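# Breakdown of the fold
Listed below are the residues making up each chain.
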Amino acid sequence: MSTAAAPARTGVVLADLLPSSRVRDIALVAGGAALTGIAAQIAVPVPGSPVPVSGQTFAALLVGTALGARRGFLSLALYAVAGMAGVPWFAQATSGYAMPSFGYILGMLLAATVVGALARRGADRSVPRMAGTMALGSLIIYAVGVPYLALAAGMTLPQAVTAGLVPFLIGDALKAALAMGLLPTAWKVIGRKG
């Protein structure tokens, strides 16, 4: 099969276009974890919320989409385990698991897996499908993170929604717009080069 046909074919994510090897997969998993850790340092505190606006959710969804479900899961698992072990690469250079925002990290692990599976089915090839993929990924992150925030911070669920979801919707829309342009464009560029 020619390289020109590969981008149009479902069952392939962007990372699959690199030469296949175990070293490639290890590097992609480690690189995805590192990218998420670096993006987490782009963080802005939100008044009244123990959860900052950060780049880690965007990175987690991008990693899952570009690497696929298995490698995306492993990247976010490495990110979570290393952060729990003391690597200060969670938002605002924090680490550990005894923080109210840790549920979002668990949600990112699940979201990266789901968006990776959808990308393997071609969800990253067009703007409308990428919009739905990013929306679903964000929904999964909040579905885990907000209830965890409520329990960890002693908030009611409505308080957790107010502190841990509402302030982030505009930023998530911007992150989704960036991903909607980035990934389908990457596939188009690869298709032209093939």
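According to the stated counting rule, one finds five aromatic pairs in the structure shown. A ring pair is formed by Phe90 and Phe102, whose centres lie 6.2 Å apart and whose planes are at 55°; its orientation type is tilted. Of the two residues, Phe90 sits in the loop between helix H3 (69-84) and helix H4 (102-120) while Phe102 sits in helix H4, which places them 12 residues apart along the sequence. Of the two residues, Phe90 and Phe102, both sit in the buried class. With 6.3 Å between their ring centres and 90° between their planes, Tyr104 and Tyr142 make a pair best called edge-to-face. Of this pair, Tyr104 sits in helix H4 while Tyr142 is found in helix H5 (residues 127-153), placing the two residues 38 residues apart along the sequence. Of the residues examined, Tyr104 reaches a relative accessible area of 5% and is grouped as buried. Among the aromatic residues, those joined into a ring-pair cluster are Tyr79, Trp89, Phe90, Phe102 and Tyr148. Over the ring of Trp187 we find Arg125, and its NZ or CZ is 3.7 Å from the ring centre.

To continue, consider the nonpolar core. Counting 47 residues, the largest nonpolar core has Leu76, Tyr79, Phe90, Tyr104, Ile105, Met108 and Met134 as its most contacted members. Within the residue set of this core, elements represented by two or more residues are helix H1 (22-40), helix H2 (56-67), H3, H4, H5 and helix H7 (169-193). Per element, the largest residue contribution to this core is nine residues, and it comes from H4. When residues no more than four places from it in sequence are discounted, the contact partners of Tyr104 are Val51, Ile141, Tyr142, Gly145, Val146, Leu149 and Gly164.

Note that an α-helix has 3.6 residues per turn; residues three or four places apart therefore point the same way. Given a rise of 1.5 Å per residue, 27 residues ought to cover 39 Å, and the 37 Å separating the end C-alpha atoms of H5 matches this to within 8%. Those residues of H5 lying buried are Met130, Thr133, Met134, Gly137, Ser138, Ile140, Ile141, Tyr142, Gly145, Val146, Leu149 and Ala150. Looking one or two residues past H5, Gly154 carries a phi angle of roughly 65°, positive in sign.

Here we come to the environment of Val87. The residue Val87 is located in the loop between H3 and H4 in this model. Under the relative-accessibility criterion, Val87 is labelled partly exposed at 35%. Sequence-wise, Val87 and Val114 are 27 residues apart; in three dimensions their C-alpha atoms are separated by 26 Å.

A few words on the confidence of the model for the chain. Taken over all residues, the pLDDT of the chain has a mean of 90, while the share at 70 or more is 94%. Confidence drops under a pLDDT of 50 for residues 1-7, and excluding neighbours within four residues, the segment shows 10 contacts in the predicted structure.

Although it is not a glycine, Gln92 adopts a positive phi angle of roughly 60°. Checked against the element boundaries, Gln92 lands in the loop between H3 and H4. Residue classification places Gln92 among the partly exposed residues on the basis of a relative accessible area of 41%. Of note in this structure, Ala93 is not a glycine but carries a positive phi near 55°. When you line up the elements, Ala93 lands in the loop between H3 and H4.

Reading the values: rules and limits
Residues numbered from 1 in each chain as written. Predicted model: local features only at pLDDT ≥ 70, side-chain atom pairs only at ≥ 80, totals over all residues. Heavy atoms only, no water. Phe/Tyr/Trp six-rings, centres within 6.5 Å; stacked < 30°, edge-to-face > 60°. Helix = DSSP H or I, 4+ residues; strand = E, 2+ residues; numbered from the N terminus. Buried < 20%, exposed > 50% of the residue type's maximum accessible area, 1.4 Å probe, protein only. Lys NZ or Arg CZ within 6 Å of the ring centre and 35° of its normal. Core = buried A, V, L, I, M, F, W, Y, C linked by side-chain atoms within 4.5 Å. Contact = heavy atoms within 4.5 Å. Expected span 1.5 Å × (residues − 1). pLDDT = per-residue confidence, 0-100.

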